[in-house]
Amino acid sequence: MKGWIGNLKPARCLALVLLFGSGPGAMAATGHPELDLGIARFALATGDDAAALWYTHNPETEHESLIRARALLNTGRQNQAVALLDRLIDGDYYRGEAALLKSTLMVKSTLMVKSTLTDGDQNQSGRTRLLELASQKGHGDIRQQAFFHLAEMARTNERPERAGQILASMDSGYWSALGYMNIAADYAKRDLNPSRALISLRVAMAMVEEDPDRERGEALKAQLLVRAGLLAYENEDYDKAISFLEKVALESYSTPQGLYLHGLALSAKGKHRDAMQSWHRARKYPLAFPGVAESWLGTGRGYDLAGYLGQAGEAYLSASASYDSERVTLRKLADLIREKGAFEALVAGAGETQAEWFLADSRMLTQPRSAYLLRFMENAGSQEAVRRVRDLDNMLDRMAQQERTLTVFRGVLKERLADKSNQASGISEAFAANFDALVRRISSARENATPGSDNAMELRQLALTLADVRDSAGRFGARVDNRDQKLGELSAKVGIALTSLEQNRQRARQALSQANAELDQRVLTYVDSEAERMTVALEKAEQQIAHLYEYLALQSLDRSAP
Amino acid sequence: MVGIHPAVRQVKPYIAALQGIGKLVCVLALGFVLAASITQVENAQADTAQAEELASLDREIDAIKSDLASLSQALFELEESVLYPADTQVAVFLALKDKNGLALDSVELYLNGSPVSSHLYTDRERESLRKGGVQRLYIGNLPHGGHQLKVILTARSANERFIRREMRHQFRKRPGESRIQMTLDAAAPDYEPVVSFQEWK
């Protein structure tokens, strides 16, 4: 029995099955709403918007509509997205999330359209209504974000008390901490006494402890501590400033600034050696970060105040050398930007590609070019400018990839259309006879097999497979008849796609050159301002050196006087 | 009639001169204010023009994005029709049942002993799976009949263990699209991964 099964030649069976298996294809989504939803969700989260749209092309549930609306927004189809969001706002389950999304969209459209004041007012009241709805109907992060935006609107409209009331109704976490930090900044600008600002910062610090995203929370906490330290220092409460600044994590983005201020507060208390230790640590960071250039000068000043004039002179000289070398770096960077463009010189060259993820560690903070990029990206306008170039760059890459795929498809379809060898419709008689013989052999073998044995099971599976092959073979004739028409339709689709792809590429190239020009201009202005900052720092260092030498000269004159 | 004090008389020409200077200063100040406001208006106009330009660039980028998305969808459809005909199509999906039991590091997929797919997970992907996302690990063609699917996964369990497990599943490719969903579960207290296979008809 075993030998007979072996004679069935599975390879031949498989070849036959593949031959008959090539059906008309083209699946809609999977046809299983639960599976479609899961796939669309994963696709959206991983940036595959085309797949997300494909699997939600006929949204039946509100969840599907929400995913589709997000994918539509990501692909620039705001009108279609708004229609879906409006339906969701009137729906049952995602009212909060939809309202928040629409309110975000309103901010973007206001910025893009530059609406008149009246429109702006209407926009604002509409946005307030949406945010209120999101805060009432949303859950978790959605609700907190809505509250935060409402508080921000109240704050920017000169209603800090209302903003405070909204913040007081929020749960602890990132969003409430952010709200309190902003309110503290307002208080710090308005009040002569720092108490209200410091209290707000302390509340923000307590709130941020509850942020489940630890990395984000730590970054915000470091920023809060630096702000509190600066506020206390400016109000000459040095002990308080030191107590805040000592808590700034050494691995954070705010560390260099924190170290500089820490040194400043210590120095104000007369602890020059300790101050110099902090400044020495700050000096290890690139000069792009706030506080680093000042720390270089601070070291010289510290030696000076501690009475080590020789070391002070050396410290000023090394500060001056480092500023000078930074000016050269900035000049080279500016040349590189003019030559290659800002995106290539600063962003693409900053080791941000996926392939180099294993190199991305805390040392990234100590790379001068990354430091300048990070500082440049602090500004919202800069982020937008880089986003534009990155989006267009990615789109052009995707279009190039799509063009390659479509060209291959066009070639394959052309070949298939030209190939008339398999045009004979239907199944050959020899094949049908072979097939029938195979069926008979299997059924006789099944009769001989012991019921329930392994062989019987295996034969049953083979019989099922043959039945499947028979089904496919039954449909084969009709498929072959339609073959040319199908291939022709597909070929036409490929042709249309290629034409439209070429048009799109041209538009994208034009937009990219415009976006690149805008980014280059921005980055060059930024680099120039940084170079100016270095020049000022250099002049200060040279001034200090001159003062020191003058003093030393006068002293030596005094000593040599009779 | 009150006479003018001689000292005042002496100072008068200076006062007149000062008044003249005052007028000149006033005119100059007015001029500066006007010049400043003209510069401000010009700056504001330049800012508005630049903002308009950027807004139109943003609109163009959105339009290109939208067209690209339509193209991507068309290509997606074409790929499905040209590369994966329905009768031989097999797709393998992965989902998580227990949200916090396992953090996936990688998955390798073998069909009839041949490696067909492998994936290293990013935080974003892990998070999406945790929230109910379903990942399409593989799509390809297979002939009708019996086949074996082998999956090797490495993960970190909630009790801080590194896990590498190998699972196998026998299935039969039938006519029409075949979809196999692997659902990964790792329940407390030992967080031992268990994979269940579901075939969607």
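Residues numbered from 1 in each chain as written. Chains lettered and ligands numbered in written order. Predicted model: local features only at pLDDT ≥ 70, side-chain atom pairs only at ≥ 80, totals over all residues. Heavy atoms only, no water.

(A) Here's a closer look at the overall build of chain B. When its secondary structure is counted, chain B shows 2 helices and 8 strands. Traced from its N-terminal end to its C-terminal end, chain B shows the element sequence α-β-β-β-α-β-β-β-β-β. Put simply, of all contacts in chain B between residues at least 6 apart along the chain, 66% involve residues at least 24 apart. A total accessible area of about 11000 Å² is found for chain B, and carbon and sulfur atoms account for 58% of it. (Helix = DSSP H or I, 4+ residues; strand = E, 2+ residues; numbered from the N terminus. Contact = heavy atoms within 4.5 Å. Areas by Shrake-Rupley, 256 points an atom, 1.4 Å probe, with all protein chains shown as cover.)

(B) Seen up close, the overall build of chain A. Along the backbone of chain A there are 23 helices and 0 strands. In chain A, which comprises 562 residues, the share counted as buried stands at 44%. A separation of at least 24 residues holds for 63% of the contacts in chain A among residues at least 6 apart in sequence. (Buried < 20%, exposed > 50% of the residue type's maximum accessible area, 1.4 Å probe, protein only.)

(C) Geometry of a negative patch on the surface. Among the surface-exposed residues, A:Asp528, A:Glu532, A:Glu539 and A:Glu542 lie close enough to one another that they form a single negatively charged patch. Tracing the chain through its elements places A:Glu532 in helix 23 (residues 454-560). (Patch = residues over 30% accessible without salt bridge, like charges linked within 9 Å, V, L, I, M, F, W, Y side chains within 5 Å. Salt bridge = Lys/Arg side-chain N within 4 Å of Asp/Glu carboxyl O. Lys, Arg positive; Asp, Glu negative; His and termini not counted. Charge placed at Lys NZ, Arg CZ, Asp CG, Glu CD.)

(D) Quick peek at the sheet that holds strand 8 (residues 194-200) of chain B. Residue and element names in this part refer to chain B. Strand order across the open sheet formed by 4 strands is 4-1-7-8, with mixed pairing between neighbours. Here the strands that pair on one side only, and so sit at the sheet edges, are strand 4 (135-141) and strand 8. Pairs of neighbouring strands in the sheet enclose a mean axial angle of 20°, with direction left out of account. (Pairing = 2+ DSSP bridges. Axes fitted to C-alpha atoms, helices over the stretch in contact; angles between N-to-C directions.)

(E) Inspection of the side chain of A:Glu518 at higher detail. Residue position: A:Glu518 is located in helix 23. Among residues more than four places away in sequence, those in contact with A:Glu518 are A:Ala385, A:Arg388, B:Gln50 and B:Leu54.

(F) Fine view of helix 9 (residues 140-156) of chain A. All names here are of chain A. Between its first and last C-alpha atoms helix 9 spans 24 Å; for 17 residues at 1.5 Å apiece the expected length is 24 Å, and the two agree. Along helix 9, 12 of the 17 residues are buried, which leaves the element largely enclosed by surrounding structure. Turning to helix 9, its buried residues are Ile142, Gln144, Gln145, Ala146, Phe147, Phe148, Leu150, Ala151, Glu152, Met153, Ala154 and Arg155. Of the residues one or two after helix 9, Glu158 is the one with positive phi, at around 60°. (Expected span 1.5 Å × (residues − 1).)

(G) Quick look at the interface of chain A and chain B. Taken together, the contacts link 69 residues of chain A with 61 residues of chain B. The tally of links from chain A across to chain B stands at 5 salt bridges. Measuring nitrogen to oxygen at the nearest pair gives 3.3 Å for the salt bridge that ties A:Asp391 to B:Lys65. At the junction of chain A with chain B, the criterion picks out 11 residue pairs in polar contact (both at pLDDT 80 or more). Counting only elements with at least two residues in the side of chain A that touches chain B, the list comes to helix 2 (10-21), helix 3 (33-45), helix 4 (49-55), helix 7 (95-113), helix 21 (380-418) and helix 23 of chain A. Its residues placed into classes, the side of chain A that touches chain B shows 32 nonpolar, 20 polar and 17 charged. (Polar contact = N/O pair within 3.5 Å; in protein donor to acceptor, adjacent residues only side chain to side chain. Nonpolar A, V, L, I, M, F, W, Y, C, P; charged D, E, K, R; others polar.)

(H) Local environment of the nonpolar core. Residues and elements named next belong to chain A. Of all hydrophobic cores here, the largest spans 90 residues; its most connected members are Tyr55, Leu178, Leu201, Met205, Leu220 and Leu224. Counting residues per element, this core draws most heavily on helix 11 (residues 174-190), at 9 residues. The contact partners of Leu220, leaving out residues within four places of it in the chain, are Tyr174, Ala177, Leu178, Met181 and Val208. Counting residues in hydrophobic clusters, the runner-up holds 67 residues, among them Tyr316, Leu373, Leu490 and Ala541. (Core = buried A, V, L, I, M, F, W, Y, C linked by side-chain atoms within 4.5 Å.)

(I) How the structure looks around the environment of A:Ala463. Residue and element names in this part refer to chain A. Following the sequence through the fold, Ala463 ends up in helix 23. Separated by 85 residues in the primary sequence, Ala463 and Glu378 have C-alpha atoms spaced 68 Å apart. Aside from chain neighbours lying at most four places away, what touches Ala463 is Ile442 and Arg446.

(J) Here's a closer look at the packing of helix 14 (residues 238-245) of chain A against helix 15 (residues 255-268) of chain A. Residue and element names in this part refer to chain A. Packing of helix 14 against helix 15 leaves a shortest axis separation of 9 Å and a crossing angle of 150°. Classed by the angle they form, the pair helix 14 and helix 15 counts as roughly antiparallel. Crossing angle aside, the handedness with which helix 14 passes helix 15 is left-handed. When helix 14 is examined against helix 15, the residues Tyr238, Ala241, Ile242 and Leu245 are found in contact with a partner set consisting of Gly258, Leu261, His262, Ala265, Leu266 and Ala268. Residues that form the contact of helix 14 with helix 15 fall into these classes: 8 nonpolar, 2 polar and no charged. (Parallel < 35°, antiparallel > 145°, perpendicular 65-115°, else oblique. Left-handed = near helix turned anticlockwise from the far one by under 90°.)

(K) Region of interest: the sheet that holds strand 2 (residues 102-111) of chain B. Residue and element names in this part refer to chain B. The strand order across the open sheet formed by 4 strands is 3-2-5-6, and the pairing between neighbours is antiparallel. Each edge of the sheet is formed by a strand with only one pairing partner; in this case those strands are strand 3 (114-120) and strand 6 (162-173). The average angle at which neighbouring strand axes cross in this sheet is 20°, direction not considered. Relative to strand 5 (residues 145-157), strand 2 runs antiparallel, the two sharing 9 bridges. Within the sheet, the bridge partner assigned to Ala103 lies in strand 5 and is Arg156. Helix 2 (residues 123-130) contacts strand 2, strand 3 and strand 5 of the sheet and is inclined by roughly 90° relative to strand 2.

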